[in-house]
Amino acid sequence: MSDGGHRPGAVPGGPDPADPRWADPQEADRQWAQGPGAGAAPDPYRQGWSPQGQGTAQYPAQQPGSTQQYAAAQYRTPQYPTEAYPAQAPPYGGGQPPTWGPPPGYGDGGVPRKKRRWPLITAIVAVVVLLAGGGLAAWTLLGGSGGTSSPNAAVTSLAADLQGRDYLRAYSRIAPNEATLLTDLGSVLTTELQRLDVLRPDARADASLDTVTFSGLRFDEAGAEQVRPNVTITKLVAGTITTTQDPASLPFTDSFKAKVYPNGAPPADVPETIDIAQVVREQGEPIRIATVQVDGEWYVSGLYTAADYALKDAVEPWPTTSIDARGATTAQDAVRDLVQAALDADVRRVIELTDPTEMAALHDAGPALVDGAAAAQPTGAKIVDLRTTETDVRGHTALSLAAVTVDDGTGARVTVTRTGDCVTISGVEGAPPQLCANQLGSLVGAQVGTSPAVQELTPRLATAVLNVKVVTTEDGGSWYVSPGQTVVQLYADLLGALQPGDLDALVAGN
């Protein structure tokens, strides 16, 4: 819900805009930061606040200390694996949790929402995922003890860890399934970038965090929303995040720095501070950060945070039911069934086939996605035959294409067969009898540039694309597709196609 450019109180039933607290922005910030009971203006986005003509509150009202009633049998509590993962892990690299794009405006006649919150959310999420460097060490040294007894304790503990620069402990506050993904991605990036002589062998995974300072992070405990039995949305209302861009602090090798900064690394930028209370006042609502309960303890969750904002931007409440996991009998069947469900526009079946542990947030938000995709039309195409090649990656079964035959819905069939670095296509009029990686590389290279470095690299990247793997997991005797691990493996395959010196040559324009 947009505030239309007005202060939150400028509506019938809200606080008086003539209140002197609103006349002084700094005073308003202080009131927001102090929260309820300290003279703060009522939050129009708080549960149950819905003045005439201002839209409808999206979540059922819940009084502090009360507990919403849910049918417990409707939910499956995710069980998270505790297997060990590689110790090395670098900054996450800016990977974002899945989102479903927000419309230009909602609930207010199409007036676009203020976007100031997204840089702040991105900053918070990016800092949290950078903590992947402590992945294995955090769970080994701390024994997975980062969970807390309440949602508020989860976020305030994380805030205290960040403010105290205790990054190992802060990492343990992340939901275990997300910590697993971040650790695996971190390990892949560190290993490959060190192999490519981009990162120093002694690069500290948390080096980038040295340029970020947190201070006074404060949450409105009374405003927390329990949107599901195991999910509570906390409200960040005050504090500052100060960042300083300092190229000299980046753990690049000397040779790579010489290419990127031929005239020497530039000096550090002037520190930039995000005042959370000011952002809250401008957007008319606190920053929403989701927490999830796993095995009786509460953790901070980036995926549930993304799902919460997606639902809010779509003017949809959290569903009261979940989409239960329903896997396939083999890894190959899981991949085939998911692709067929996508061709059939069967969103429910797609979600059923995703890893229920890794993608618990998707399963919980799924009913809303199914409703939103109700108008989608099937393509009519059918997979007639699928054959894959199995490999093991990080203890998971990964599948790459060997051959596939698809009926386009009219009876015409197309078959693609992989042989080495070549594919054979039949059933398509005018298609070459065989297309190989070097040919694909030449076609792509001609479009993106003529430098020797590009021309030499593109065939290897084309081979990596042919080798794209879909990662699957087994849970309770059924097989599922793992979107997160598939993305991690995509990074591994694409970076694995590079050789030391490739990036130097590309940067130099050779």
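Scroll up a little and you will see the structure.
Residues numbered from 1 in each chain as written. Predicted model: local features only at pLDDT ≥ 70, side-chain atom pairs only at ≥ 80, totals over all residues. Heavy atoms only, no water.

(A) Broad picture of the overall build of the chain. In terms of helices and strands, the chain carries 17 helices and 13 strands. Taken across its 510 residues, the chain has 48% of its residues classed as buried. Sequence separation of 24 or more characterises 70% of the internal contacts of the chain that already satisfy a separation of 6 or more. For the chain, the accessible surface area stands at approximately 23100 Å², while carbon and sulfur atoms represent 56% of it. (Helix = DSSP H or I, 4+ residues; strand = E, 2+ residues; numbered from the N terminus. Buried < 20%, exposed > 50% of the residue type's maximum accessible area, 1.4 Å probe, protein only. Contact = heavy atoms within 4.5 Å. Areas by Shrake-Rupley, 256 points an atom, 1.4 Å probe, with all protein chains shown as cover.)

(B) Layout of helix α10 (residues 302–313). With 12 residues, α10 ought to run about 16 Å at 1.5 Å a step, and its terminal C-alpha atoms sit 16 Å apart, in line with that. Among the residues of α10, those classed as buried are L303, Y304, T305, A306, A307, D308, Y309, A310, L311, K312 and D313. One side-chain oxygen at the N-terminal end of α10 lies 3.5 Å from the backbone nitrogen of L303; it belongs to S301. (Expected span 1.5 Å × (residues − 1). Polar contact = N/O pair within 3.5 Å; in protein donor to acceptor, adjacent residues only side chain to side chain.)

(C) A look at the packing of helix α7 (residues 176–195) against helix α16 (residues 483–496). Where α7 contacts α16, the two axes come as close as 10 Å, and the packing angle between them is 0 degrees. Classified by the interaxial angle, the pair formed by α7 and α16 is roughly parallel. Mapping the contact onto sequence places T180, L181, D184, L185, V188, L189, E192 and R195 in α7 and G484, Q485, V488, Y491, A492, L495 and G496 in α16. For the contact of α7 with α16, the per-class residue count stands at eight nonpolar, four polar and three charged. (Axes fitted to C-alpha atoms, helices over the stretch in contact; angles between N-to-C directions. Parallel < 35°, antiparallel > 145°, perpendicular 65-115°, else oblique. Nonpolar A, V, L, I, M, F, W, Y, C, P; charged D, E, K, R; others polar.)

(D) View of the side chain of T397. With respect to the helices and strands, the residue T397 is situated in strand β8 (residues 396–407). Judged by relative accessible area, T397 falls into the buried class, the value being 18%. Setting aside residues up to four positions removed in sequence, T397 forms contacts with A331, E390, T391, V470, V471, T472 and W479.

(E) Examining the packing of α10 against helix α13 (residues 360–372) more closely. Viewed as axis vectors pointing N to C, α10 and α13 meet at an angle of 15 degrees, and their least axial separation amounts to 9 Å. Viewed along their axes, α10 and α13 adopt a mutual orientation that is roughly parallel. You can see that α10 and α13 cross each other, and the crossing is right-handed. Listed contacts from α13 to L303, Y304, A307 and L311 of α10 are A360, A361, D364, A365 and A368. Here the contact of α10 with α13 is built from residues that sort into eight nonpolar, no polar and one charged. (Left-handed = near helix turned anticlockwise from the far one by under 90°.)

(F) Structural detail: the packing of aromatic side chains. A full pass over the atoms with the stated rule returns two aromatic pairs. Judged by centre distance (5.1 Å) and plane angle (70 degrees), the rings of F252 and F256 are edge-to-face. A relative accessible area of 18% means that F252 is categorised as buried. The buried category is assigned to F256, whose relative accessible area is 9%. (Phe/Tyr/Trp six-rings, centres within 6.5 Å; stacked < 30°, edge-to-face > 60°.)

(G) Representation of the pairing of strand β7 (residues 382–393) within the structure. Here 11 bridges tie β7 to β8, and the two strands are oriented antiparallel to one another. In the strand pairing of β8, R387 is matched with A403. Following β7, the chain reverses through two residues before pairing antiparallel with β8; R394 in that reversal takes a positive phi of roughly 50 degrees. (Pairing = 2+ DSSP bridges.)

(H) Spotlight on the pairing of strand β13 (residues 478–481). When strand β12 (residues 470–475) meets β13, the two strands line up antiparallel, connected through four bridges. When the sheet's bridge partners are listed, T472 is paired in β13 with V481. As consecutive antiparallel partners, β12 and β13 are separated by two residues, and within that stretch G476 has a phi angle of approximately 65 degrees, a positive value.

(I) Here's a closer look at the environment of L236. Positionally, L236 belongs in strand β3 (residues 231–243). Judged by relative accessible area, which is 2%, L236 ranks as buried.

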